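Residue strings, one per chain:
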Amino acid sequence: MSKLAIDGGAPVRTAGFSQWPIYDELELQMLKEVLESGKWGGSGGTKAGYEAKLPKMEREFAKLQDSAYAVSVVNGTVAITVALQAAGVRSGDEVIIPPYTFIATATAALAYGAIPVFADIEPDTLLIDPEKVEALITPKTKAIIAVHIAGAPANMTRLGEIARKHGLALIEDAAQAVGAKWEGRGVGSIGDLGTFSLQSSKNLNAGEGGIITTNQAHLWENAWSICNVGRIPNGEWYQHEKLGQNYRLSEFQAAIVLAQMTRLEEQMTLREQNAARLDSLLGSIDGVRLMKQDPRITRHAYHLYMFKLEPSVTERVQKAEVIRRLQAEGIPVAAGYVPLNRNVAVLDAVEAWTGKRTQQDCPVCEAVCEKEALWLTQNVLLSDVQAMDDVAEAVRKVLSSL
Ligand SMILES: *Cc1c(COP(=O)(O)O)cnc(C)c1O
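What you see is a predicted model, and the numbers here were worked out from it, not measured in a lab.

**A word on the packing of aromatic side chains**
Phase 1 of the analysis: Applying the stated criterion across every chain yields a total of seven aromatic pairs.
Phase 2 of the analysis: Aromatic pair phenylalanine 61 and phenylalanine 196: ring centres 4.8 Å apart, planes at 75 degrees, arrangement edge-to-face. Here phenylalanine 61 is found in helix α2 (residues 53–64), whereas its partner phenylalanine 196 is found in strand β8 (residues 193–197), with 135 residues between them in sequence.
Phase 3 of the analysis: Overall, phenylalanine 196 belongs to the buried group, its relative accessible area being 1%.
Phase 4 of the analysis: Ring plane angle 85 degrees and centroid distance 4.7 Å describe the contact between tyrosine 337 and tryptophan 375, whose orientation is recorded as edge-to-face. Highlighted residues: tyrosine 337 in the loop between β13 (333–334) and α12 (344–354) and tryptophan 375 in strand β14 (residues 373–376), separated in sequence by 38 residues.
Phase 5 of the analysis: Grouping aromatic residues by their ring pairs yields a cluster made of Tyr100, Tyr337 and Trp375.
Phase 6 of the analysis: Across the ring face of tryptophan 237, the terminal group of arginine 231 is positioned such that the distance to the ring centre comes to 3.4 Å.

**Observations regarding the pattern of salt bridges**
Phase 1 of the analysis: Applying the stated rule across the entire model yields 28 salt bridges.
Phase 2 of the analysis: A salt bridge links aspartate 390 to arginine 13, with the nearest nitrogen and oxygen atoms 2.8 Å apart. Of this pair, aspartate 390 sits in helix α14 (residues 385–400) while arginine 13 sits in the segment before α1 (25–37), and the two are 377 residues apart along the sequence.
Phase 3 of the analysis: Taking the relative accessible area as the measure of exposure, aspartate 390 reaches 11% and is therefore buried.
Phase 4 of the analysis: Since its relative accessible area comes to 10%, arginine 13 is described here as buried.

**A look at unusual backbone geometry**
Phase 1 of the analysis: In this chain, tryptophan 20 is followed by proline 21 through a cis amide linkage whose omega measures 0 degrees.
Phase 2 of the analysis: Here proline 21 shows up in the segment before α1.
Phase 3 of the analysis: Backbone geometry at valine 229 places phi at a positive 40 degrees, although glycine is not the residue there.
Phase 4 of the analysis: Note on placement: valine 229 falls in the loop between α7 (217–227) and α8 (251–261).
Phase 5 of the analysis: A residue is classified by how much of its surface remains accessible, and valine 229, at 27% relative accessible area, is partly exposed.
Phase 6 of the analysis: Notably, asparagine 234 is not glycine yet its phi reads approximately 65 degrees, a positive angle.

**With respect to the site of the ligand**
Phase 1 of the analysis: Around the ligand there are 16 residues in total, and Gly76, Thr77, Asp173, Ser197 and Lys202 lie nearest to it.
Phase 2 of the analysis: Residue glycine 76 places a main-chain N or O atom 2.7 Å away from an oxygen atom belonging to the ligand.
Phase 3 of the analysis: Between serine 197 and the ligand, the recorded distance is 2.6 Å, taken from a side-chain N or O atom to an oxygen atom.
Phase 4 of the analysis: Against a free-state accessible area of 380 Å², the protein chains account for coverage of 93% of the ligand.
Phase 5 of the analysis: For the shell around the ligand, the secondary-structure elements that each account for two or more residues are α3 (76–86) and α4 (104–110).
Phase 6 of the analysis: Here the shell around the ligand takes three residues from α3, the largest share from any one element.
Phase 7 of the analysis: For the shell around the ligand, the residue count by class is five nonpolar, nine polar and two charged.

**A look at the nonpolar core**
Phase 1 of the analysis: If you look at the biggest cluster of nonpolar residues, it comprises 69 residues, and the most contacted ones within it are Leu84, Tyr100, Leu159 and Ile212.
Phase 2 of the analysis: With seven residues, the single largest contributor to this core is α3.
Phase 3 of the analysis: Here this core spans two domains, since at least three of its residues come from each of domain 1 (25–260) and domain 2 (263–400).

**A look at the environment of glutamine 245**
Phase 1 of the analysis: Checked against the element boundaries, glutamine 245 lands in the loop between α7 and α8.
Phase 2 of the analysis: Along the primary structure glutamine 245 and glutamate 36 are separated by 209 residues, whereas in three dimensions their C-alpha atoms are 28 Å apart.

**Considerations on the environment of proline 153**
Phase 1 of the analysis: Inspection of the secondary structure assignment puts proline 153 in the loop between β4 (141–147) and α6 (156–166).
Phase 2 of the analysis: Take proline 153: its relative accessible area is 1%, and that puts it in the buried class.
Phase 3 of the analysis: Sequence separation between proline 153 and histidine 300 is 147 residues; the distance between their C-alpha atoms is 7.1 Å.
Phase 4 of the analysis: Excluding residues within four positions of it along the chain, proline 153 makes contact with Leu127, His148, Ala180, Lys181, Trp182, Val187, Ile297 and Arg299.

**Observations concerning the domain arrangement of the chain**
Phase 1 of the analysis: Considered domain by domain, the chain is made up of domain 1 (25–260) and domain 2 (263–400).
Phase 2 of the analysis: One C-alpha centre belongs to domain 1, the other to domain 2; they are set 25 Å apart.
Phase 3 of the analysis: Taken together, the contacts link 48 residues of domain 1 with 40 residues of domain 2.
Phase 4 of the analysis: In total, about 3700 Å² of surface goes out of reach between domain 1 and domain 2, with carbon and sulfur atoms giving 62% of it.
Phase 5 of the analysis: By the criterion of area lost to domain 2, the three top residues of domain 1 are Tyr100, Phe118 and Asn203, representing 18% of everything that side buries.
Phase 6 of the analysis: Taken together, domain 1 and domain 2 are joined by two salt bridges.
Phase 7 of the analysis: With a closest N to O distance of 3.3 Å, aspartate 124 and lysine 292 form a salt bridge.
Phase 8 of the analysis: Counting the contacts that link domain 1 with domain 2 gives 24 residue pairs in polar contact (both at pLDDT 80 or more).
Phase 9 of the analysis: Elements with a contribution of two residues or more to the side of domain 1 that touches domain 2: α1, α4, β3 (115–118), β6 (181–182) and α8.

Cut-offs applied
- All residue numbers here refer to positions counted from 1 along the written sequence of the relevant chain.
- Given that the model is predicted, a residue must reach a pLDDT of at least 70 before its local features are reported, and side-chain atom pairs must reach 80 or more before they are shown or counted; all residues, however, enter totals for whole chains, interfaces and linings.
- Hydrogens and water molecules were not included; the side-chain quantities draw on all heavy atoms of the structure.
- The rule is short: rings of Phe, Tyr and Trp, with Trp giving its six-membered ring, pair when the centres are within 6.5 Å, and they are stacked under 30 degrees, edge-to-face over 60, tilted in between.
- Secondary structure elements follow DSSP: runs of H or I of four or more residues count as helices, runs of E of two or more count as strands, with numbering from the N terminus.
- Each residue's exposure class comes from its accessible area (1.4 Å probe, protein chains only) as a fraction of the maximum for that residue type: buried when under 20%, exposed when over 50%, partly exposed otherwise.
- For a lysine, the NZ atom is tested; for an arginine, the CZ atom; a charge sits over a ring if that atom is within 6 Å of the ring centre and within 35 degrees of the ring normal.
- A pair is scored as a salt bridge if a Lys or Arg side-chain nitrogen falls within 4 Å of a carboxyl oxygen belonging to Asp or Glu.
- When at least one non-hydrogen atom of a residue lies within 4 Å of a molecule or strand, that residue is treated as near it.
- Pairs of N or O atoms within 3.5 Å make up the polar contacts considered here, provided that, within protein, one atom can donate a hydrogen while the other can accept it, and that residues adjacent in sequence are counted only when both atoms are side-chain atoms.
- Values of accessible area rely on a 1.4 Å probe in the Shrake-Rupley scheme; residue burial ignores everything except the protein chains shown.
- Classes in brief: Ala, Val, Leu, Ile, Met, Phe, Trp, Tyr, Cys and Pro nonpolar; Asp, Glu, Lys and Arg charged; the others, Gly included, polar.
- In this description, a nonpolar core means a group of buried Ala, Val, Leu, Ile, Met, Phe, Trp, Tyr and Cys residues linked to one another through side-chain atoms lying within 4.5 Å.
- What counts as a domain boundary in this text is fixed by an automatic or database domain assignment.
- What makes two residues a contact is simply this: any of their non-hydrogen atoms within 4.5 Å.
- Joining two parts hides part of their accessible area as seen by a 1.4 Å probe, and the buried area is that hidden amount summed over both.

Take a look at the structure:
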């Protein structure tokens, strides 16, 4: 057994992983087109012959996700707020969300006084457990947000049944899941509305940005209006019929997205190939448990590669120690989220809006966060085959040392 890097041995990998972001002459050319057009924003004049990039990007993005409509917006957090508001969720209403997600899923609701209620996750997928949702529904519940964590679609079939039965809006937080499909349908087109992020760590990167998708004309109109200071589509400039804000994206960001989209399919294929290789290599290592994948996931976006440590490991050693050893071997493994149901900022905000301190237990999520889940960040999956072999080799070396 070779000596661990933390004990002064040679690290398994010194070569690093794929660069990120990835761009070439195409981004430069498209940014130049925007500069020279004089049309830098979502509103304002257009030079003759210039095709505005924001509407083009929205059309292409909607098509990519099998949606009839898309509205671009400043970021993925605001996209969730707007989707909730477009669906009619108001201050004081309750929104059921998973506790294993980026904090924005909760803060997007809390920003205007909608109250997150946490439905625990499935231990083998780390996605919202539909069977935990129904017991949490009260007369105040107005929406469910399914979060497609790591790029794996949540169980939209079951969540759809529950939402319909109780008359709730179903929103997909697909920030990590561009390109993913559930039963052959693009995520963001299955619930009432879907939201995406174009933030720099996401698979489709514009630095910052977000997109809302829907198949329902009235929800598109609502969302568009909220993002455009309450204007109505094809209305007059100073005709404001709803309360809205300016949440528009710029043409520069649309240019970057259009350029990045030309590489998305190729990158998705690479992520899938590398994830399959990691599954087969890590799956044979004692102490590792792979994520279970529902066969109805017809495409996984692999924003992150997640795996879990088995009780045989977690009973003997802290997750932080495993991470420390893997990082020393040159593997950029991360601990991932903390449970949102215990996050003090969320608890304080709920108390500020409701006057009540509530504490929900989500034992599956808490164990996953504290002891079990490890993440490989998204650029790892864009690396070469040798990089996957090195990840597996490092995991084998570290776990067998414990
Ligand atoms: C990134 C992310 C968001 C927020 O998107 P931003 O563009 O960073 O505001 C929301 N939900 C999830 C699950 C995310 O991963």
